[in-house]
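Close look at the chain arrangement
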Amino acid sequence: MSYLRLIRWQNLLFLGILVWVMEKWVCVPVLDSVRFYEVLPWWLLGLLLLAVVLTAAAGYVINDYFDVKIDRINRPDRLIVTQTVTKDEAMWLYRILVVAGALAGLAVAWVVRNWAIATIFLLVPGLLWFYSSSYKRQFLLGNLIISFSSALPPILVAQTNVAYLYLHYPDVMPYLSVGRDLFFWTGGFAVFAFLTTWIREIIKDLQDQTGDRELECHTLPIVLGELWTKIILTILIAGTAGLICYIGFVVLPFPHTWGSLNTQYIVFGLLIPLACELWLLWAARIPSDYRHAQSLMKFIMFLGVLYSFVIERML
């Protein structure tokens, strides 16, 4: 049970759902809409999903490995490394996960003959190592690294599909827009993942101020103070809501009437929860308040992924 908590099995489940949904509810309908019925075989999608999940699990383990001192202050009740799992065991688990994730990612890259995918699965573990050991304590850099990593899974699904199509249709793919279409649709989810993860990471910094200050971290709340951090978060949340409205009501070729599924989902599934997030943020005073705001942000991220259901229905 301790190992499952260490690798954040709930987050890994969410990642697995994200990869599956991007393929089945976004990429497949996009390909169907242009009469392209060549989709990833189940074993290749499973291998990609495995690579993403194992790499993320390795990141969670190494983060807890380096965060023992901070977690003793910020969340002693949730401390795993040194309490129920030794540091040596955590390091061995990290090594197994990172090697297995990289091998799975390299296998996907080899099958579709795309070395950009291989580069991602070699680069991200290094980024997560340096994030956990030092970058997360630096002003904004740590938040941006995690946000960038969260934006990669939708892009990886599109990249794998495009590479697979180029492998089977090398003569016609350069003349078709299907590749651009796949990156367009999954790119929207990648941008949403980047912004919402950035917001959530800053809220986590607000929650963890005590331990971060003790270990001389340079997070946004410590450098700029709580008030300015909330102002910046408000701008980010409002910007995210504005971007959702622009893409959902202007860019996408969906009905924009009040009775349409597209409009109703954007309003009730995304905009109203973001407004609630703003209210929770400004009402927050103590770490437990910020934890509630962070949990709502995680739920909003899940709601964003489920927007793919709208795409699947309307394409």
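Below: a short report on this structure.

1. As for the overall build of the chain
Of the regular secondary structure elements, the chain holds 14 helices and zero strands. Against the 2.2 N^0.38 benchmark of 20 Å for 315 residues, the chain shows a C-alpha radius of gyration of 20 Å, consistent with a compact globule. Considering only C-alpha atoms, the chain reaches an extent of 60 × 50 × 30 Å along its principal axes. Counting the 315 residues in the chain, one finds 51% classified as buried. Long-range contacts, defined as pairs at least 24 residues apart, comprise 76% of the intrachain contacts of the chain with a sequence gap of at least 6. When the accessible surface of the chain is split by element, carbon and sulfur atoms take 67% of a total near 14,900 Å². Between the mean site of the 22 positive side-chain charges and the mean site of the 21 negative ones, the chain shows a separation of 2 Å.

2. A look at helix α6 (residues 115–133)
Over its 19 residues, α6 runs 28 Å from end to end, which matches the ideal 27 Å to within 8%, given 1.5 Å per residue. Contacts from the buried residues of α6 go to α3 (42–66), α5 (87–112), α7 (141–168) and α8 (178–207). The opening residue of α6, the one whose side-chain oxygen lies 3.2 Å from the backbone nitrogen of Ala116, is Asn114.

3. Digging into the nonpolar core
Counting residues in hydrophobic clusters, the biggest one holds 90 residues, and the most contacted among them are Leu6, Val61, Leu97, Leu182 and Tyr307. It is α3 that contributes the most residues to this core, 13 residues altogether. Ignoring sequence-local partners within four residues, the contact set of Leu182 consists of Cys27, Val30, Leu31, Ala158, Asn161, Val162 and Leu165. If you look at the next biggest cluster of nonpolar residues, it comprises six residues, including Val124, Leu128, Ile145 and Leu152.

4. Some words on a nonpolar patch on the surface
A cluster of nonpolar residues, Phe184, Val191, Leu243, Tyr246, Val250 and Val251, forms a patch on the protein surface that exposes about 510 Å² of accessible area. Per-element tally for the nonpolar patch: the top contributor is helix α11 (residues 226–251), with four residues. As for its position among the elements, Val191 is in helix α8. For Val191, a relative accessible area of 38% corresponds to the partly exposed category.

5. Some points on the packing of α3 against α6
For any two helices packed against each other, one specifies the inter-axial angle together with the distance between the axes. Running from N to C, α3 and α6 point in directions that differ by 15°, and their axes come no closer than 8 Å. Taken together, α3 and α6 sit at an angle that is classed as roughly parallel. Judged by the twist between their axes, the crossing of α3 over α6 is right-handed. Contact residues: Leu48, Ala51, Val52, Thr55, Gly59, Ile62, Asn63 and Phe66 in α3; Phe121, Val124, Pro125, Leu128, Trp129, Tyr131, Ser132 and Ser133 in α6. Residue composition of the contact of α3 with α6, by class: 11 nonpolar, five polar and no charged.

6. Remarks on a positive patch on the surface
Among the surface-exposed residues, Arg5, Arg78, Arg291 and Lys298 lie close enough to one another that they form a single positively charged patch. You can see Arg5 is positioned in helix α1 (residues 2–6).

7. Re α5
If you check α5, its first and last C-alpha atoms are 38 Å apart, about what 26 residues at 1.5 Å a residue would give, namely 38 Å. Backbone geometry just after α5 places Arg113 at a positive phi near 55°.

8. Quick notes on the side chain of Asp208
Its place among the elements puts Asp208 in the loop between α8 and α9 (209–214). A residue is classified by how much of its surface remains accessible, and Asp208, at 8% relative accessible area, is buried. Setting aside chain neighbours within four positions, we find Asp208 in contact with Asn74 and Arg75.

9. Here we look at the side chain of Asn63
Relative to the helices and strands, Asn63 resides in helix α3. Among all residues touching Asn63, those that are not within four sequence positions of it are Arg8, Tyr131, Ser132 and Lys136.

Parameters and conventions
Residues numbered from 1 in each chain as written. Predicted model: local features only at pLDDT ≥ 70, side-chain atom pairs only at ≥ 80, totals over all residues. Heavy atoms only, no water. Helix = DSSP H or I, 4+ residues; strand = E, 2+ residues; numbered from the N terminus. Rg over C-alpha atoms; globule rule 2.2 N^0.38 Å. Buried < 20%, exposed > 50% of the residue type's maximum accessible area, 1.4 Å probe, protein only. Contact = heavy atoms within 4.5 Å. Areas by Shrake-Rupley, 256 points an atom, 1.4 Å probe, with all protein chains shown as cover. Lys, Arg positive; Asp, Glu negative; His and termini not counted. Charge placed at Lys NZ, Arg CZ, Asp CG, Glu CD. Expected span 1.5 Å × (residues − 1). Polar contact = N/O pair within 3.5 Å; in protein donor to acceptor, adjacent residues only side chain to side chain. Core = buried A, V, L, I, M, F, W, Y, C linked by side-chain atoms within 4.5 Å. Patch = residues over 30% accessible without salt bridge, like charges linked within 9 Å, V, L, I, M, F, W, Y side chains within 5 Å. Salt bridge = Lys/Arg side-chain N within 4 Å of Asp/Glu carboxyl O. Axes fitted to C-alpha atoms, helices over the stretch in contact; angles between N-to-C directions. Parallel < 35°, antiparallel > 145°, perpendicular 65-115°, else oblique. Left-handed = near helix turned anticlockwise from the far one by under 90°. Nonpolar A, V, L, I, M, F, W, Y, C, P; charged D, E, K, R; others polar.

Note that all results are geometric; they support no functional claim without further evidence.
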